[in-house]
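Coordinate analysis (summary)
What follows is each chain in one-letter form.
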Amino acid sequence: AGEANAKHLAADAKWFLHLDFEAAKHTVVYAEVLDAVRAQFPLDDTLNQLKAGIGVNPLTDVPGVTVYNTSFEKDVAAVIIYAKVDQDMLQLAVSNNPDYKQVAYGKHTLHTWTDNNDGKTNVGCFYGDGMILLGDKAETLQMALDVLDGTKTAGSALVKTPEKGAFLYGAVDLNGIPQVADKNLSQLLSNA
């Protein structure tokens with residue numbers, strides 16, 4: 001995955017956040033945090049169990065994650081997980097959740113389920129061999145699929161080349177937000 005890909009985000013995206021795990025792995029902080037977690041928790045055993053149970057190890061199989069939306073609606077976002085996964089194993093694991101259903105959307109299959117932890121409905125879809133899309137509701141996921149399929153305009157201007165070594169970054173389009181009248185705040189966020 002590497003850097004955020006503007007072609008994977010809607011042209012009218014209002015915000016995005018990207019975590020580049022590949023870049024993070026080259027930092028001292030990553031190594032120190034990993035060592036600290038391993039000292040307190042059987043991390044490697046847990047990761048091996050995850051790989052055996054759902055077909056993915058987050059430390060080795062997920063090079064990046066992008067979260068974005070075309071609005072500022074609370075708790076609404078599309079999530080693109082760039083990952084090498086065993087789709088059959090992951091789908092089987094998800095299908096064990098309450099209210100699991102499959103719904104067709106064009107050439108795609110949307111998987112919906114109720115999360116055991118928070119009781120919220122989730123929607124997911126495998127996109128090709130290297131992407132998993134998640135959303136809070138079907139409409140959000142459908143928008144992300146339409147962008148990737150080319151039926152909705154892609155190419156968010158928010159996505160720029162990050163500074164060398166950056167592993168967590170994003171951008172927000174503050175234009176047209178009535179509650180953001182303070183230009184100093186806009187400049188502060190822009191600089192960040």
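Residues numbered from 1 in each chain as written. Predicted model: local features only at pLDDT ≥ 70, side-chain atom pairs only at ≥ 80, totals over all residues. Heavy atoms only, no water.

1. Here's the deal with the side chain of Thr140
With respect to the helices, strands and loops of the structure, Thr140 is situated in helix H6 (residues 138-149). Of the residues examined, Thr140 reaches a relative accessible area of 4% and is grouped as buried. In this structure the side chain of Thr140 is engaged in a polar contact, spanning 3.3 Å, whose partner is the side chain of Asp136. Not counting residues within four places of it along the chain, the set of residues in contact with Thr140 comprises Val76, Ala77 and Ala78. (Helix = DSSP H or I, 4+ residues; strand = E, 2+ residues; numbered from the N terminus. Buried < 20%, exposed > 50% of the residue type's maximum accessible area, 1.4 Å probe, protein only. Polar contact = N/O pair within 3.5 Å; in protein donor to acceptor, adjacent residues only side chain to side chain. Contact = heavy atoms within 4.5 Å.)

2. Things to note about the sheet that holds strand E6 (residues 121-127)
Ordered by their spatial adjacency, eight strands build an open sheet running E4-E5-E6-E7-E3-E2-E1-E8, and the pairing between neighbours is antiparallel. The sheet terminates laterally at strand E4 (101-105) and strand E8 (168-172), the two strands that pair on one side only. Between one strand axis and the next, the sheet turns by 20 degrees as a mean value, whatever way the strands run. Bridge analysis of strand E1 (residues 15-20) against E8 gives five bridges, and the strand direction is antiparallel. (Pairing = 2+ DSSP bridges. Axes fitted to C-alpha atoms, helices over the stretch in contact; angles between N-to-C directions.)

3. Overview of unusual backbone geometry
The phi angle of most residues is negative, glycine excepted, and most peptide bonds adopt the trans form. Within the chain, Asp75 stands out as a residue other than glycine whose phi angle is a positive 60 degrees. With a relative accessible area of 59%, Asp75 lands in the exposed category.

4. A few points about the nonpolar core
Proteins that are soluble and globular tend to have nonpolar side chains buried together. Among the nonpolar cores identified, the biggest contains 25 residues, and Phe16, Tyr68, Leu133, Leu141 and Leu145 are the most heavily contacted of them. Of all elements in the fold, only strand E3 (78-82), E6, strand E7 (131-135), H6 and E8 reach the threshold of two or more residues within this core. Take this core: its biggest share by element is six residues, from H6. Setting aside residues up to four positions removed in sequence, Leu141 forms contacts with Leu110, Val123, Gly124, Cys125, Leu133, Leu134 and Gly135. (Core = buried A, V, L, I, M, F, W, Y, C linked by side-chain atoms within 4.5 Å.)

5. Concerning the packing of aromatic side chains
In this structure the tally under the stated criterion is one aromatic pair. Each ring, one from Phe16 and one from Tyr169, has its centre 6.4 Å from the other, and the planes form 85 degrees; the classification is edge-to-face. Remark: Tyr169 occurs in strand E8 and Phe16 occurs in strand E1; sequence separation between them is 153 residues. Exposure class is identical for Phe16 and Tyr169. Each is buried. (Phe/Tyr/Trp six-rings, centres within 6.5 Å; stacked < 30°, edge-to-face > 60°.)

6. Notes on the packing of helix H3 (residues 43-54) against helix H5 (residues 87-95)
Two elements in contact, H3 and H5, have axes separated by 7 Å at closest approach and are oriented at 90 degrees. Relative to H5, the element H3 lies roughly perpendicular. In this structure, H3 uses Lys51, Ala52, Gly53 and Ile54 to contact H5, whose residues at the interface are Met89, Leu90 and Ala93. (Parallel < 35°, antiparallel > 145°, perpendicular 65-115°, else oblique.)

7. Some details on the environment of Tyr68
Structurally, Tyr68 is set in strand E2 (residues 64-69). Overall, the relative accessible area of 0% leaves Tyr68 in the buried class. Tyr68 sits 103 residues away from Ala171 along the chain, and the two C-alpha atoms are 9.6 Å apart. Filtering out sequence-adjacent residues up to four positions away, Tyr68 remains in contact with His8, Leu9, Ala10, Ala13, Trp15, Phe16, Ala77, Ala78, Ile80, Met143, Ala144 and Val147.

8. Regarding the pattern of salt bridges
Inspection of every chain in the model, using the stated rule, returns four salt bridges. One salt bridge connects Glu73 with Lys137, and the closest N-O pair in it is separated by 3.3 Å. Here Lys137 lies in the loop between E7 and H6 and Glu73 lies in the loop between E2 and E3, a separation of 64 residues in the sequence. Given the relative accessible area of 29%, Lys137 is considered partly exposed. (Salt bridge = Lys/Arg side-chain N within 4 Å of Asp/Glu carboxyl O.)

9. A closer look at the side chain of His111
If you trace the backbone, His111 turns up in strand E5 (residues 108-114). A relative accessible area of 8% places His111 in the buried class. Of note is the side chain of His111, whose polar atom sits 2.6 Å from the side chain of Tyr100. Among residues more than four places away in sequence, those in contact with His111 are Gln91, Tyr100, Lys101, Gln102, Asn122, Val123, Gly124, Cys125 and Phe126.

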